[in-house]
Amino acid sequence: MPPASPPRLLRISFAQADVERMMTLVENTMLPEEPPFPEASSTWTSGMNLPWLKTVREQWLREFSVDEFERKLNLWPHYMALFDDENVDLHFVHAKSSKPDAIPLLLLHGWPGSSHDFHKVVEPLTNPSNPTAPSFHVVVPSIPGYAFSTWPHRPSFTIVDISNLYHRLMAETLGYNNYAVQGGDWGSLIARIMVSSPKIAPHVRIAHLNIYSVVPTSAQVIQALQALVPSFLSCIPGYTTLVNLLSSTLNSLLFTPAEQRGIASAVAYGRTGNGYFHLQSTKPLTIGYALVDSPVGLLAYMGDKFYDWSDPAHLDTRDLIETVALYYLTRSFHTSVLAYQLSHEVAMSLVFQPGQWTAAAGTAIGYSSYPYEIGIAPRMLVRGMGRVVMYKEHSYGGHFAALDNPTAFVKDLRELAAGHWAQ
Amino acid sequence: MASGKYTIKPFKVDLSAEVPRLKAQLAATQLPTHNPIPGGEDEKWGITLAQLTKLRDEWLVYDWGAEQERINSYKHFTTEIDGTTIHFVHEKSGIDGAIPLIITHGWPGSFDEYLPVVRPLLQSAEITLPDGRKKKVSFDVVIPSLPGFVFSSAPPTVEGRSLKSTAKLWNTLMAEVLGYSNGYAIAGSDWGALISWHLFDLFPENVRGAYLTMFPFAPIDSAQVAKDNQTLSEIERFGLDKMAERGASGMGYFAEQSTKPDTIGLALQDNAIGQLAWIGEKFYGASDPTGNGELTTKDILTGVSLYFLTKSFLSSVFQYAHNPSPFEAPRKSDNSAPLGYGNFKWDAIHWPRYYVSQFANLVFYRDHEKGGHFPGSDNPAGFVDDVREFLGVHFAFRP
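What you see as residue numbers is a count from 1 along each chain, following the sequence as written. The order in which chains are written sets their letters, starting at A; the order in which ligands are written sets their numbers, starting at 1. Local features in this predicted model are restricted to residues of pLDDT 70 or higher, and side-chain atom pairs are both shown and tallied only at a pLDDT of 80 or more, whereas totals for entire chains, interfaces and linings draw on every residue. Here the side-chain values reflect all heavy atoms present in the structure, with hydrogen atoms and water set aside.

- The name an unreviewed UniProt entry assigns to chain B is Alpha/beta-hydrolase, from the organism Auricularia subglabra.

- Looking at an unreviewed UniProt entry, one finds chain A named Alpha/beta-hydrolase, with Auricularia subglabra as its source organism.

Have a look at this one:
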């Protein structure tokens, strides 16, 4: 293994011409006067809501300031670390605590997120106002192909490769032999790979997930059983009512209300919420090329997910605008979606064969569920991963938990660290 | 001009004022300089950068004015049915006994994809009947725009967008608005075929023959064919294999448009490159790739231009969301009128002959080496020959 190159400091600065171009497009892109159908103006059942899109576009025009955005980004030092043998120049934020014994913490984003997902939690994590609370050295990489991390231009590049890269970043580049990992979305899959890797897991003392995307074997069995039910049975009047009654009775016996709600939202996702997943898993460059140079297009496409997966009472549309701006200004949208094609097999294995991805060492695992997440894993399911020492259910927040419930996000990490970092 | 309670207005396509904005947007849009997947210049990842760049470069010099003139050389009209403005091309043969034929396009198609078959069909052509006699055949041709596409307005209700609702609109158009009250024939592909099927099924007294390339029944696979103990022709087999491959990798757009039409619709509504990528991929993926097909890049550009310049892309994708389960279990239609099927080799979905014969009185089934999902453009002569032979032999007006 060649020695890791020392990281180079990166001051985030967007070219004025690019920003002007972006804002011109944001202003000049035409949106329809009326939604195509009357009910589409007051609901989200058809996807992106037109009045909402217009409001956020107006906010972008009115409030976005690149100087302010750069200032926000540059609050913490950014670096590039070249991994020549992987053909990746990896971007990451590295925010060190003033406490020398702070815990190295890797925060992993997904799609359509970014390293910016964590901008509200870096300060409290590195610098807690309570001096007895654990503090962290926070490392936030961008997935290769996202934002400032280069795309390796390889025909095969999966989240397994990315997990290896992240381990090298922590252990070799930054010298953190033992560290904690936190992940959501693709980040949660990468975290699970790290925790199940015999090589990496011994270095990962703590792992925290805010999503655990697993379809339990029992669900697969139930699905198979349902397929066997003769169609004439389901035509009997009252059959559907009976089945629903049985299901809801069983559900309330087996699962907490939060878990039930989570199961329902996972089912809804499977029915109407994963078109993007099919699309990006099969024709990523069609949608990639279609939107890479369209800020309003990105706002509609990515905004759909931000809205759908966030707590509407806590979603700050500034975060959405800044995330879209980041994707647009770094021209990384078309490479961001490639993960769905390239890592499809691995992802499906993590989802449908979780038994192959159980913890390889004694990592202390924490899981937090947020009500607006895509599905919630019941306790019995998460325990299959390994040594689960924490299971929290929060009353607000969603998929981008560090954005819409940063308080709980930080609190859970502190609790996990306080209880399980020291050995 | 009025026909009973319906007014028919002549219509001229006039979108030239929108073109400068389109060209400016195209010229300003920046595409990546190279493919992120080295060696990946194939359609496995979606439209290729080479395909998209070529289309974009051609679109920059594309002469909309000339295409508009070509389009306007046909007779266009609009009428109002049930609160919906329906645009259609209507050309009459002028010959006694001409068969009235309504041809319906799908998505991402348009009336334009069927213009190449219009003039040939108007001509009086000689066919040979099964008993050896000669017969002259000609057609009156009607090509509507689907509700919510291009020059047809979107129906005001969700139910108004259903396949059966459109079928009813079409029957009103033919039988009442245009006065073809002794029976007519239908043809269609993609959504147009599904709608045509319902038209065939719902109006047996009017629809006296149907030539389709798709059906609202779940397609079968090779396993089912084996179970049914059937042998397929080479093209039938080829079609099923291709379909299996496409089922696994080609349905992302379908899932997105069925569930989040507003998301993809708004994202691409004022995004010419976006629509070019999204739609171009479909034309490439389901058309004759051998070089024998007649569908050109200019045809693709005209198709996308029609969506973009009329701002109807958003509305068009709701066709999927408002018909999320277009396929049902196969059944036989109550309409005993003859059914014909054209099996164009490069099409996306295929229906073996034995399977189609379950749906209706299948009297005509022809394999075509040439052409794909857009047969009116890709193999117009094949389409015309099929329609002439099939309907020439089997169509009869209501006695």
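With respect to unusual backbone geometry
In most cases, non-glycine residues show a negative phi, while peptide bonds are predominantly trans.
Part 1: With an omega of 0°, the peptide bond running from Trp111(A) to Pro112(A) counts as cis.
Part 2: Residue Pro108(B) is bonded to the preceding Trp107(B) through a cis peptide linkage, with omega at 5°.
Part 3: Every helix listed is a DSSP run of H or I at least four residues long, and every strand listed is a run of E at least two residues long, numbered separately from the N terminus. Inspection of the secondary structure assignment puts Pro108(B) in the loop between β5 (99-104) and α4 (115-122).
Part 4: Not every positive phi belongs to a glycine, and Arg331(A) is a case in point at roughly 50°.
Part 5: Structurally, Arg331(A) is set in the loop between α14 (317-329) and α15 (333-336).

Observations regarding the UniProt feature "active site" (unreviewed entry) in chain A
All names here are of chain A.
Part 1: UniProt positions are given in the numbering used here, feature names are shortened, and annotations may be inferred rather than shown by experiment. Within this structure's numbering, the places UniProt gives as "active site" (unreviewed entry) are Asp 185, Tyr 340 and His 399.
Part 2: Structurally, Tyr 340 is set in helix α16 (residues 338-342).
Part 3: Sequence-distant contacts of Tyr 340, defined by excluding residues within four places in its chain, comprise Trp 111, Asp 185, Trp 186, Tyr 276, Phe 277, Gln 280 and Ser 281.
Part 4: By secondary structure assignment, the location of His 399 is in the loop between β9 (388-393) and α19 (401-404). Should any heavy atoms of two residues lie within 4.5 Å, those residues are considered in contact.

Some thoughts on the pattern of salt bridges
Pairing is possible between side chains that carry opposite charge, provided their charged atoms lie close to one another.
Part 1: Here, a salt bridge means any Lys or Arg side-chain nitrogen found within 4 Å of an Asp or Glu carboxyl oxygen. Evaluation of the coordinates by the stated rule reveals 33 salt bridges over all chains.
Part 2: With a shortest N-O distance of 2.8 Å, Asp316(A) and Arg318(A) are connected by a salt bridge.
Part 3: Only protein chains enter the area calculation, which uses a 1.4 Å probe; residues under 20% of their type maximum are buried, those over 50% are exposed, and those in between are partly exposed. Arg318(A) sits in the partly exposed class, given a relative accessible area of 43%.
Part 4: Residues joined by salt bridges that share partners form a network here, namely Glu67(B), Arg70(B), Asp112(B) and Lys298(B).

Some points on a nonpolar patch on the surface
Part 1: Patch membership is restricted to residues that have no salt bridge and whose relative accessible area is over 30%. Joining uses 9 Å for like charges and 5 Å for the nonpolar side chains Val, Leu, Ile, Met, Phe, Trp and Tyr. Accessible areas in this description were obtained via Shrake-Rupley with a 1.4 Å probe; residue shielding takes into account the shown protein chains only. Residues Leu250(A), Leu253(A) and Leu254(A) make up a contiguous nonpolar surface patch of roughly 340 Å² in combined accessible area.
Part 2: On the secondary structure map, Leu254(A) appears in helix α9 (residues 239-254).

A closer look at the UniProt feature "active site" (unreviewed entry) in chain B
All names here are of chain B.
Part 1: Under the local residue numbering, the UniProt record ascribes the feature "active site" (unreviewed entry) to Asp 190, Tyr 320 and His 373.
Part 2: Turning to its location among the elements, Asp 190 is positioned in the loop between β9 (184-188) and α6 (191-202).
Part 3: When neighbours within four sequence positions are excluded, Asp 190 is seen to be in contact with Gly 106, Trp 107, Thr 213, Met 214 and His 373.
Part 4: Definition of a polar contact: a pair of N or O atoms within 3.5 Å, with one able to donate and the other able to accept a hydrogen when the atoms are protein atoms, and with sequence-neighbouring residues admitted only if both atoms are side-chain atoms. Of the polar contacts made by the side chain of Asp 190, one reaches the backbone nitrogen of Trp 107; its length is 2.8 Å.
Part 5: Checked against the element boundaries, His 373 lands in the loop between β12 (361-368) and α15 (375-378).
Part 6: Residue His 373 is classed as buried on the basis of its relative accessible area of 9%.

Digging into the interface of chain A and chain B
Part 1: Every contact between the two is made by 52 residues of chain A and, on the other side, 52 residues of chain B.
Part 2: Seen at the junction of chain A and chain B, the total is one salt bridge.
Part 3: Put simply, Lys260(B) and Asp308(A) hold a salt bridge, and the shortest N to O gap is 3.3 Å.
Part 4: Where chain A packs against chain B, one counts 18 residue pairs in polar contact (both at pLDDT 80 or more).
Part 5: Elements represented by at least two residues in the side of chain A that touches chain B include exactly α1 (16-28), α2 (50-63), α10 (257-273), α11 (275-282), α12 (284-291), α13 (295-308), α15 and α16 of chain A.
Part 6: No other element matches the seven residues that α12(A) contributes to the side of chain A that touches chain B.
Part 7: Here the side of chain A that touches chain B is built from residues that sort into 25 nonpolar, 17 polar and 10 charged. Following the grouping adopted for this structure description, the nonpolar residues are Ala, Val, Leu, Ile, Met, Phe, Trp, Tyr, Cys and Pro, the charged ones are Asp, Glu, Lys and Arg, and the polar ones are all others, Gly among them.

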